[in-house]
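Descriptive analysis of the structure
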Amino acid sequence: NAGVTQTPKFQVLKTGQSMTLQCAQDMNHNSMYWYRQDPGMGLRLIYYSASEGTTDKGEVPNGYNVSRLNKREFSLRLESAAPSQTSVYFCASSLQGTIGTEAFFGQGTRLTVV
Amino acid sequence: GNSVTQMEGPVTLSEEAFLTINCTYTATGYPSLFWYVQYPGEGLQLLLKATKADDKGSNKGFEATYRKETTSFHLEKGSVQVSDSAVYFCALSDIKAGANSKLTFGKGITLSVRP
């Protein structure tokens, strides 16, 4: 049972380059999320998708775009990477609308922008 | 808005010591509360949860009780092991009518346990 799968695991970009982080889940969850984790900041929500076909901004959306390609997949795109986007990125999924529902996380993508 | 406040870290303990990690929250409704754990190089995984006042979540020797009167959800373990070394996150989700129950996280605290 794969759960939430993120690719790539590591990436180094030059300032101004673009890239897409991929995320897929096989648990038939309707909600998916992208977080970034920075030292001393905890996890901050970038974007989320409550269901297929919908996306909404989270706490720190600037510099990112997302696509909910289908129920399984939710990608995060950096159009013009900046050093401030150096972080560890986590994708997560959950079953929306259920009290106490937990989120399942991928292994993370460690991104360095130089 | 919703928020979660965790005690400052890092925390270093000797094996078999007692652990308490404080967590308090602010929420407009009746949130569900969670503790997640992140082992080195891995993603987050659920450690335990509680969905209503006075509920106690427990797993792997860890416990936390949902205290509505003090808006707290402190994590405790009677005897820590080296394998408990990890980062611990307190979180809440707050379902309101029509809203997405996304998680709000605390900043996390690093626990190191010495042999």
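Located above this text is the structure these notes cover.
Here goes a summary of the coordinates provided. Predicted model only: the values in this text are computed from it and were never measured. (Residues numbered from 1 in each chain as written. Chains lettered and ligands numbered in written order. Predicted model: local features only at pLDDT ≥ 70, side-chain atom pairs only at ≥ 80, totals over all residues. Heavy atoms only, no water.)

Turning next to the sheet that holds strand 7 (residues 64-68) of chain A. Residue and element names in this part refer to chain A. Read from one edge to the other, the open sheet built from 4 strands follows the order 1-3-8-7, with strand pairing classed as antiparallel. Edge positions in the sheet fall to strand 1 (4-7) and strand 7, since each has one partner strand and no second. In this sheet, neighbouring strand axes are inclined to one another by 15 degrees on average, regardless of whether the strands run parallel or antiparallel. Across 3 bridges, the pairing between strand 3 (residues 19-25) and strand 8 (residues 74-78) is antiparallel. If you follow Leu21 over to strand 8, its bridge partner there is Leu76. (Pairing = 2+ DSSP bridges. Helix = DSSP H or I, 4+ residues; strand = E, 2+ residues; numbered from the N terminus. Axes fitted to C-alpha atoms, helices over the stretch in contact; angles between N-to-C directions.)

With 21 residues of chain B at the contact, the number on the chain A side is 23 residues. Both sides of the chain B and chain A interface together cover about 1800 Å² of buried area, and 56% of this is carbon and sulfur. Here chain B is connected to chain A by 0 salt bridges. Our count for the chain B to chain A interface comes out at 3 residue pairs in polar contact (both at pLDDT 80 or more). When residues of the side of chain B that touches chain A are assigned to their parent elements, the largest contribution, 4 residues, is made by strand 5 (residues 32-38) of chain B. Its residues placed into classes, the side of chain B that touches chain A shows 9 nonpolar, 8 polar and 4 charged. (Contact = heavy atoms within 4.5 Å. Buried area = accessible area lost by both parts, 1.4 Å probe. Salt bridge = Lys/Arg side-chain N within 4 Å of Asp/Glu carboxyl O. Polar contact = N/O pair within 3.5 Å; in protein donor to acceptor, adjacent residues only side chain to side chain. Nonpolar A, V, L, I, M, F, W, Y, C, P; charged D, E, K, R; others polar.)

To continue, consider the nonpolar core. What tends to happen in soluble globular proteins is that the nonpolar side chains get buried as a cluster. Grouped together as the largest cluster of nonpolar side chains are 27 residues, with contacts concentrated most on Trp35, Leu47, Leu48, Phe73, Leu75 and Tyr88 of chain B. Among the secondary structure elements, those contributing two or more residues to this core are strand 2 (11-14), strand 3 (19-21), strand 4 (23-26), strand 5, strand 6 (44-50), strand 8 (62-65), strand 10 (86-93) and strand 12 (109-114) of chain B. For this core, the element with the highest residue contribution is strand 10 of chain B, accounting for 4 residues. Setting aside chain neighbours within four positions, we find Tyr88 of chain B in contact with Gln6, Ile21, Trp35, Tyr36, Val37, Leu47, Phe62, Leu75, Gly108, Ile109 and Leu111 of chain B. The next biggest cluster of nonpolar side chains, apart from the first, holds 20 residues, and it includes Leu21, Val60, Tyr64 and Cys91 of chain A. (Core = buried A, V, L, I, M, F, W, Y, C linked by side-chain atoms within 4.5 Å. Buried < 20%, exposed > 50% of the residue type's maximum accessible area, 1.4 Å probe, protein only.)

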